[in-house]
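# Structural overview for review
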Amino acid sequence: MKREDVKNKIPGITEEQLDWLMTENGSDINREKSAAAALQTRLDSAQAQVTKLQADMEAQSDGFAFDNALNAAILGAKGRSVPAVRALLDLDALKGSADRSTDISKALEAAVKANPWAFGEVQSSGAGTYSTGAAHGTPPAGAEDIDPVETAFRKLNPHIKL
């Protein structure tokens, strides 16, 4: 707002009234400018946070893709234990590789040559075979009531009465 415009719109306005009106108008304008600046700062901060979150999500997605590709390659190379084989590899170099699939394959080939124990068919643990003791004969009569620990203790300490 300009002083001349106010004088033209309000012909009988005094200088004192005009000064008051211009001061009030200036205060209103400055208050709104401050509010706009604060909102702009918040907007800039929010945009920076969105940009950071997008970069974080991109990095996380890339990490998931790398882990999935590496784990699949390890299993494809018949790695017995994915964590054990991963420990043999330079993961930082593979993550930063321009051609990951080729470099992962080369790294696994080198790991297979250097550590053949980590690759191959996984042996199934199965149930195993256990002796029931039947092949050793039948226990003497009344042996079910004898505690083997107590018997051994008595042999080592014949002077103690239980």
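Up top is the structure.
These notes cover the structure that comes with them. (Residues numbered from 1 in each chain as written. Predicted model: local features only at pLDDT ≥ 70, side-chain atom pairs only at ≥ 80, totals over all residues. Heavy atoms only, no water.)

## Considerations on the overall build of the protein chain
Helix and strand counts for the protein chain stand at six helices and zero strands. For the protein chain, the succession of helices and strands along the chain, N to C, is α-α-α-α-α-α. Burial status across the protein chain gives 15% buried among its 162 residues. Taking contacts inside the protein chain between residues at least 6 apart in sequence as the whole, the part at least 24 apart equals 44%. Here the protein chain displays about 12,900 Å² of accessible surface, and carbon together with sulfur accounts for 57% of that area. (Helix = DSSP H or I, 4+ residues; strand = E, 2+ residues; numbered from the N terminus. Buried < 20%, exposed > 50% of the residue type's maximum accessible area, 1.4 Å probe, protein only. Contact = heavy atoms within 4.5 Å. Areas by Shrake-Rupley, 256 points an atom, 1.4 Å probe, with all protein chains shown as cover.)

## Overview of the nonpolar core
Counting residues in hydrophobic clusters, the biggest one holds 13 residues, and the most contacted among them are Leu70, Ile74, Val85, Leu89, Leu94 and Leu108. When residues of this core are traced back to their parent elements, those giving at least two are helix 2 (15-76), helix 3 (82-88) and helix 5 (100-114). Residue contributions to this core peak at four residues, all from helix 5. When sequence neighbours within four positions are dropped, the list of residues in contact with Leu108 reads Ala73, Ile74, Ala77, Val85, Leu89 and Phe119. (Core = buried A, V, L, I, M, F, W, Y, C linked by side-chain atoms within 4.5 Å.)

## Points about the pattern of salt bridges
Where charged atoms of side chains with opposite charge meet at close range, the side chains can pair. Applying the stated criterion across every chain, the model contains eight salt bridges. Salt-bridge contacts for Glu15 lead to Lys7; the nearest nitrogen and oxygen are separated by 3.1 Å. (Salt bridge = Lys/Arg side-chain N within 4 Å of Asp/Glu carboxyl O.)

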